[in-house]
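Residue strings, one per chain:
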Amino acid sequence: MDDNLKNNLRKNMLIIRKNMPKQNACNFSKKIMDTIIGLPQFINCKNIMLYISFNNEVDTYKLATWCLNNNKTVIAPYCIKSNHKIVPFIINNLTTDLTKSTFGIMEPKYDILMNANIENIDLIIVPGVVFDEDCNRIGFGAGYYDRFLSMKTKNTITIGIAYDYQIIDKVPTDEYDVPLNFIITEKRIISLK
Ligand SMILES: Nc1ncnc2c1ncn2[C@@H]1O[C@H](COP(=O)(O)OP(=O)(O)OP(=O)(O)O)[C@@H](O)[C@H]1O
Ligand SMILES: [Mg+2]
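What comes next concerns the included structure. (Residues numbered from 1 in each chain as written. Chains lettered and ligands numbered in written order. Predicted model: local features only at pLDDT ≥ 70, side-chain atom pairs only at ≥ 80, totals over all residues. Heavy atoms only, no water.)

**Remarks on the coordination of the magnesium ion (ligand 2)**
Ideal coordination angles are 109.5 degrees for a metal with four donors arranged tetrahedrally and 90 or 180 degrees for a metal with six donors arranged octahedrally. Going by this rule: Coordination here is defined by N, O and S atoms within 2.8 Å of the metal (3.2 Å for Na, K and Ca), and since water is not considered, a site can look incomplete. Helix and strand assignments follow DSSP, with helices taken as H or I runs no shorter than four residues and strands as E runs no shorter than two, numbered in order from the N terminus. Burial classes: relative accessible area under 20% of the type maximum marks a residue as buried, over 50% as exposed, and values in between as partly exposed (1.4 Å probe, protein chains only).
Those donors, Asp146 (OD) and Asp177 (OD), are the protein atoms that reach the magnesium ion (ligand 2), and they lie 2.0 to 2.1 Å from it. Taken together, the positions of Asp146 in helix α5 (residues 144–149) and Asp177 in the loop between β11 (167–168) and β12 (182–184) put the pair 31 residues apart, joining distant regions of the chain. With respect to burial, Asp146 and Asp177 carry one shared label: buried.

**Some thoughts on the site of ligand 1**
The line we're drawing: Any residue with a non-hydrogen atom lying within 4 Å of a molecule or strand is treated as near it. Pairs of N or O atoms are called polar contacts if they sit within 3.5 Å, as long as, within protein, a hydrogen donor faces a hydrogen acceptor (for residues adjacent in sequence, only side-chain-to-side-chain pairs). Per-residue accessibility takes into account occlusion by the displayed protein chains alone, with areas from the Shrake-Rupley method and a 1.4 Å probe. Buried and open spaces are told apart on a 1 Å grid over the protein atoms alone, a cavity being a set of points where a 1.4 Å probe fits but cannot get out and a pocket being an open set with protein on both sides within 12 Å along at least five of seven lines. Residues with an atom within 4 Å of a point are the lining residues. A molecule is said to be in a cavity or pocket once over half of its atoms fall within 2 Å of that pocket's grid points.
The full set close to ligand 1 counts 15 residues, and Lys6, Arg137, Gly139, Tyr144 and Asp146 are the nearest of them. Arg10 is positioned with one of its side-chain polar atoms (N or O) 2.9 Å from an oxygen atom of ligand 1. Within the side chain of Arg137, one N or O atom sits 2.5 Å away from an oxygen atom of ligand 1. Burial of ligand 1 by the surrounding chains reaches 73%, relative to a free accessible area of 650 Å². The pocket occupied by ligand 1, as judged from atoms lying within 2 Å of grid points, is the largest pocket. Those elements that place two or more of their residues in the shell around ligand 1 are α1 (3–18), β9 (137–138) and α5. A total of four residues in the shell around ligand 1 trace back to one element, the largest contributor, which is α5.

**Some thoughts on the pairing of strand β10 (residues 157–161)**
Consecutive side chains along a regular strand alternate between the two faces of the sheet. Selection rule: By definition, two strands form a pair when at least two bridges between them are found by DSSP.
Counting buried residues in β10 gives five out of five residues, a clear majority hidden from the surface. The alternating pattern of β10 places Ile157, Ile159 and Ile161 on one face and Thr158 and Gly160 on the opposite face, and all of these are buried. With three bridges joining them, β10 and β12 adopt parallel strand pairing. Looking at β12, one finds that Ile161 is bridged to Ile184.

**Some points on the sheet that holds β9**
The mixed open sheet is built from three strands, whose spatial order is β9-β8-β11. Every interior strand has two partners, whereas the edge strands, β9 and β11, have only one.

**With respect to the packing of aromatic side chains**
For clarity, the threshold we go by: We call Phe, Tyr and Trp rings a pair once their centres come within 6.5 Å, taking the six-membered ring for Trp, and we label the pair stacked below 30 degrees between planes, edge-to-face above 60, and tilted otherwise. Sitting over a ring, as applied to charges here, requires NZ of Lys or CZ of Arg to be within 6 Å of the ring centre and within 35 degrees of the ring normal.
Within this structure, the stated rule accounts for five aromatic pairs. Between the aromatic rings of Tyr78 and Phe89, the centroid separation amounts to 6.2 Å while the plane-to-plane angle is 85 degrees, which identifies the pairing as edge-to-face. Pair noted here: Tyr78 is in strand β2 (residues 73–80) and Phe89 is in strand β3 (residues 85–91), with a separation of 11 residues, a long-range link. Side by side, Tyr78 and Phe89 carry an identical accessibility label, which is buried. Consider the rings of Tyr163 and Tyr165, whose centres lie 5.8 Å apart with planes at 20 degrees: the pair is stacked. Among the aromatic residues, ring-to-ring pairing joins Phe28, Tyr163 and Tyr165 into one connected group. A cation over a ring is seen here: Lys81 above Tyr78, with NZ or CZ 5.6 Å from the ring centre.

So, in C-alpha cells, the structure goes:
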C-alpha cells in the first residue's frame, strides 16, 4: 500500500480538524451522541468500550457519562507505547479513574482498575482521522486499533465516529486494516455493506 497517500490524507485532515470551530465540534458531537444512544444495536449492548476524546476529536465524555448513568459498563483503552497494543480497562468514574498520559491524552489508571476481557466487549466506539463510505478508516498511524480490532469476536459491534467532512470518497487500505460496522457523523449513519 502507498503509505505516503495514507500519511498525507491523515496529515491534511488533522489540520482541518484542528482548525474547526469549537462550537461546531461541540454541536456535532452532541448530535452524534444522540444518534448513538438511539441506535438499536447500542441500546441492546451492556459493555461499551470508547476512546477518551482529545482536542477536537468527536467528544466522548457525554456518551461515557450517559453510559455510567444508564447501567452500561464503560471500558477505556490503555495504550502500551512499546508494542502499540491496547489493553481495555473498566472505568467507573471519568475524573478519578483517568490520568493524563505522556502525550496529554487521558487514559485509565491501569494500576487501580480491572481489565476488561475483550470477548465480553459488546460495542467499541473507534476513533479515527479519515473514513470512507465502505467503513474503512485511517487512524493515528501506529496500528493500535488495527491490532486490537483483529482480536475482537465477530459479534462485537464497531462504530467509528467522525465529523461529516472526515468522510472521503476512498480510503486506501492494507490487509491489516479492519473495516467498521458503522460510521456515525452529525449528518448520517453509514453501515458496512
Ligand atoms: N494486526 C497487526 N499486526 C501487526 N502489525 C500491524 C497490525 N495492524 C497494523 N499493524 C502495523 O501498524 C502500522 C500502522 O498501520 P496504519 O497506517 O493502518 O495505522 P492506523 O490505522 O492509522 O492506526 P490505528 O489503528 O492506531 O488507528 C502498519 O505499519 C502495520 O504494519
Ligand atoms: Mg489502519
